[in-house]
Amino acid sequence: AALLAASPAFAQTDDAPWYPSTYGAEDEIGAANLLTPENVLSAKDLITTGKTYALGVPVGRNTPGFGSRELDFTIMMPGQEGGRTLGSNAMSYVDDMIVGWVGLGSQIDGLGHLGIDNHFYNGNTPEDYVATTGLTKMGIHNVPPIVGRGVLLDMAKLRGTDVVAEGELFTLEEVQQAVSDAGLTLSSGDIVLFHTGWLSVLEDEPQRFAGGEPGIDATSAAWLAEQGVVAVGADTWGLDVVPHPDGTLFTAHQELLAKNGVYILEVMDTSGLAADGVTDFFFVLGQPRFEGAVQAFINPIAIK
Ligand code: UVW
């Protein structure tokens, strides 16, 4: 009840075990409704040096994923075995094929991804939208370009370390302190990214990286949603603290995706922004428009 009170836009009704969207019974895009041309115009003024930061990491066969997620990446030379070419002009070409999970490496979680007791965004149950051929609602292809002000919350700096360890929960007070340390106030349409330093563990200790992480839980997630953010991301694989000290699982995911329609961005490489002391920036994400996909590989760009 306390969490619901902290999230006034979405109130649980007595007769429904789910959270109706304020954007209407048919809404499928949640907080993306908060993206406006005015926000884009105002965020563009944050570009002062022109320096760009790729927030996506290279993804490949060895990228660890949640659970059993994996990926096989094959370079194909269709019809060209033995160096054969096509046409009198000897056209040569190389194709490639990916077979694997799209929820791997740098990724966006769409609103159909994670729910509460089989209730997903806007009251949808799996029967309402999950099909083996792709989601019939809330597919990632319906999400508009996510462009606006990006805000970096440097939790490693706040904790006085380069890397915050797995299982370390950031309290709401710490999150609010990080916003204040950045000299900012969050506002509608923002994209918030947490820098924890955890991504630096990936290269040398991939199993450790995938086995846990520092992060937030539902309390901070509810507050972020209340500020009108469109997406919340981190340089971790799952944004939530893992393991949670109280044994719960992915409550920030539930709060953001299922209750509030706020997108989640994972494995964001925030190291360059943190190293340069950048706290706000122009954020651009045009996710691949896989029809009916739950998640997608992404490489958002921060521009300062
Ligand atoms: C889970 O599905 C729990 O994690 P992610 O959002 O990282 O895919």
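Up top is the structure.
Residues numbered from 1 in each chain as written. Predicted model: local features only at pLDDT ≥ 70, side-chain atom pairs only at ≥ 80, totals over all residues.

Undergrad: So what's going on with the site of the ligand? Which residues, and what values?
TA: As a structural note, the neighbourhood of the ligand is formed by F66, G103, D109, L114, W237, G238, F250, H253 and E266. Tallied by class, residues from the shell around the ligand come to 4 nonpolar, 3 polar and 2 charged. (Near = placed C-beta within 6 Å. Nonpolar A, V, L, I, M, F, W, Y, C, P; charged D, E, K, R; others polar.)

Undergrad: Break down unusual backbone geometry for me, with residues and values.
TA: For the bond running from V242 to P243, omega is -10°, close enough to zero to count as cis. Position of P243 relative to the elements: it lies in the loop between strand 7 (231-234) and helix 9 (251-259). The backbone phi angle of D117 is positive, close to 50°, even though this residue is not glycine. Position of D117 relative to the elements: it lies in the loop between strand 4 (107-109) and helix 3 (126-129). Classification of D117 as exposed rests on a count of 9 C-beta atoms within 10 Å. (Helix = DSSP H or I, 4+ residues; strand = E, 2+ residues; numbered from the N terminus. Buried ≥ 20, exposed ≤ 12 C-beta atoms within 10 Å, placed from the backbone.)

Undergrad: So, the sheet that holds strand 1 (residues 52-54): which residues are in play, and what are the values?
TA: The sheet built from 9 strands is open, its strands ordered 1-11-9-5-6-7-8-4-10 with mixed pairing. Pairing within the sheet leaves two strands with one partner each, and these edge strands are strand 1 and strand 10 (295-297). The sheet shows a mean angle of 25° between the axes of neighbouring strands, taken without regard to direction. Direction of pairing for strand 6 (residues 191-195) relative to strand 7: parallel, over a ladder of 4 bridges. Bridged to V192 within strand 7 is V232. (Pairing = 2+ DSSP bridges. Axes fitted to C-alpha atoms, helices over the stretch in contact; angles between N-to-C directions.)

Undergrad: Any details on the pairing of strand 9 (residues 280-285)? Residues and values, ideally.
TA: Sheet topology places strand 5 (residues 146-154) next to strand 9; 6 bridges connect them, and they run antiparallel. By the bridge assignment, V147 is partnered in strand 9 with V284. The pairing of strand 9 with strand 11 (residues 301-303) spans 3 bridges and is antiparallel. Each residue of the ladder has a partner; that of F282, found in strand 11, is I303.

Undergrad: Explain the nonpolar core residue by residue, including any values.
TA: In terms of nonpolar packing, the biggest core is built from 83 residues, with V192, V229, V230, A231, V232 and V262 touching the most fellow members. When residues in this core are grouped by element, the largest group, 6 residues, is from helix 8 (residues 218-226). (Core = buried A, V, L, I, M, F, W, Y, C linked by C-beta atoms within 7 Å.)

Undergrad: Residues and numbers for helix 9, please.
TA: The α-helix winds at 3.6 residues per turn, so residues separated by three or four positions along the chain end up facing the same way. The buried fraction of helix 9 amounts to 9 of the 9 residues, a majority that puts the element mostly inside the structure. Those residues of helix 9 lying buried are T251, A252, H253, Q254, E255, L256, L257, A258 and K259. Downstream of helix 9 by one or two residues, G261 has phi in the positive range, about 65°.

Undergrad: So what's going on with the packing of helix 8 against helix 9? Which residues, and what values?
TA: Close contact between helix 8 and helix 9 brings their axes to 7 Å; oriented N to C, the two are set at 25°. Of the possible angle classes, the one that applies to helix 8 and helix 9 is roughly parallel. Helix 9 is crossed by helix 8, and the crossing has right-handed handedness. In this structure, helix 8 uses A218, S220, A221, A222 and A225 to contact helix 9, whose residues at the interface are T251, A252, Q254, E255 and L256. Taken together, the residues of the contact of helix 8 with helix 9 break down into 6 nonpolar, 3 polar and 1 charged. (Parallel < 35°, antiparallel > 145°, perpendicular 65-115°, else oblique. Left-handed = near helix turned anticlockwise from the far one by under 90°. Contact = placed C-beta atoms within 7 Å.)

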